[in-house]
Amino acid sequence: MGIIFVSWSIFLSLLLVMCYNGNKVNAIRHQKNDGIPTDMNVLRLHSMDVDDKYHSDVERGHAMDDHLEIHGEQESGDAHIAHVHAHPSSHMDHMDPSLLVFFFMEDLKVGKTIPIYFPKRDPSSSPHFLPREESNSIPFSLESLPHLLQIFSFPQDSPQAKAMEDTLRECELKPIKGESKLCATSLESMLDFVNEIFGFHSQIKVLSTTHFTKSTARLQNYTILKKPEETPAPKMVACHTMPYPYAIFYCHYQESESKVFKVLLEGENGESADAVAVCHLDTSQWSPNHVSFGVLGIEPGSKPVCHFFPADNLVWIALPSLI
């Protein structure tokens, strides 16, 4: 198995995600039916192969509005959204604010100001991974959804059921050309996937966005404080959290070249963050309906597409060989 270098803060976060008390499935089954556990990353970066209907829902803002109502997050962040959208000549007016994570590679320069959406979640209240043995005992398929709703006591027409359906549907979609993907239902399955991509004797490392100060603002203008630091990444696996009663990560690897950066940011309210950004140099195989093209006003393959990662998403990279 490869040597894994993990920063102390990320290691603690992974431990938090792994934690479970007693019989986790029973704990989930008997929780109140007030929603998928709060502070989930329902506003994840969407995969490159989501169907057109799902994208159109997101672009109309329905997905965000529905999930925010579930979690009761429609609060002071709206003021920041209004402020960012108040800037003139923006084609992003009336857009789902959660999509404001995309940018161009030429924007990565000192002094550049970019509106960015960073979800605010407490890892201690986020869904936890189940041990592999327990997660393997629970069906994870769209076909099993009626049975799963019974297990977790969610009504069939509830927002929670819709969130689970969307996750299962996205996880079952075929990968695009040059892509490998897995919905990891345990930490062990995530690490297995990463090692299969990189090779079991590779040295690997995991990166995530770090917020140095607490803030309730989800969307605000951030300024790049110093020259972004590129992290050499011959191979990269991105893992995005998915809405589900327990932790699910959508992990995928693309053969096309990408660049990974650490970017020091300062928000207009004084918040600071060391953010992970990835630039995909070849988007020619992406769906023309991918939301990034609408946000940036470009077509597949025309320009590299960059995006920031929320704090609970992970970027695994293979370190360059020493030989």
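A few words now on the confidence of the model for the protein. Any region with low pLDDT has predicted coordinates that should not be read closely. Mean pLDDT over the protein: 76, with 69% of residues reaching 70 or higher. Averaged pLDDT values for the elements of the protein fall to 32 in helix H4 (residues 62-71) and rise to 96 in helix H7 (residues 145-152).

For the structure on display, the rule yields 3 disulfides. The disulfide partner of Cys239 is Cys251, and the S-S distance across this bridge is 2.1 Å. With the S-S bond torsion at 115°, the cross-link from Cys239 to Cys251 turns out right-handed. Separated by 12 residues along the polypeptide, Cys239 in strand E9 (residues 235-241) and Cys251 in strand E10 (residues 249-254) bring together distant segments of the chain. Residue Cys239 is classed as buried on the basis of its relative accessible area of 0%. A relative accessible area of 0% means that Cys251 is categorised as buried. For Cys279, the disulfide goes to Cys306, at an S-S distance of 2.0 Å. One disulfide, between Cys279 and Cys306, carries an S-S torsion of 105° and so falls in the right-handed class. Within this pair, whereas Cys279 is found in strand E12 (residues 272-280), its partner Cys306 is found in strand E13 (residues 305-308), the two being separated by 27 residues in sequence.

How each quantity is defined
Residues numbered from 1 in each chain as written. Predicted model: local features only at pLDDT ≥ 70, side-chain atom pairs only at ≥ 80, totals over all residues. Heavy atoms only, no water. pLDDT = per-residue confidence, 0-100. Helix = DSSP H or I, 4+ residues; strand = E, 2+ residues; numbered from the N terminus. Disulfide = S-S within 2.5 Å. Buried < 20%, exposed > 50% of the residue type's maximum accessible area, 1.4 Å probe, protein only.

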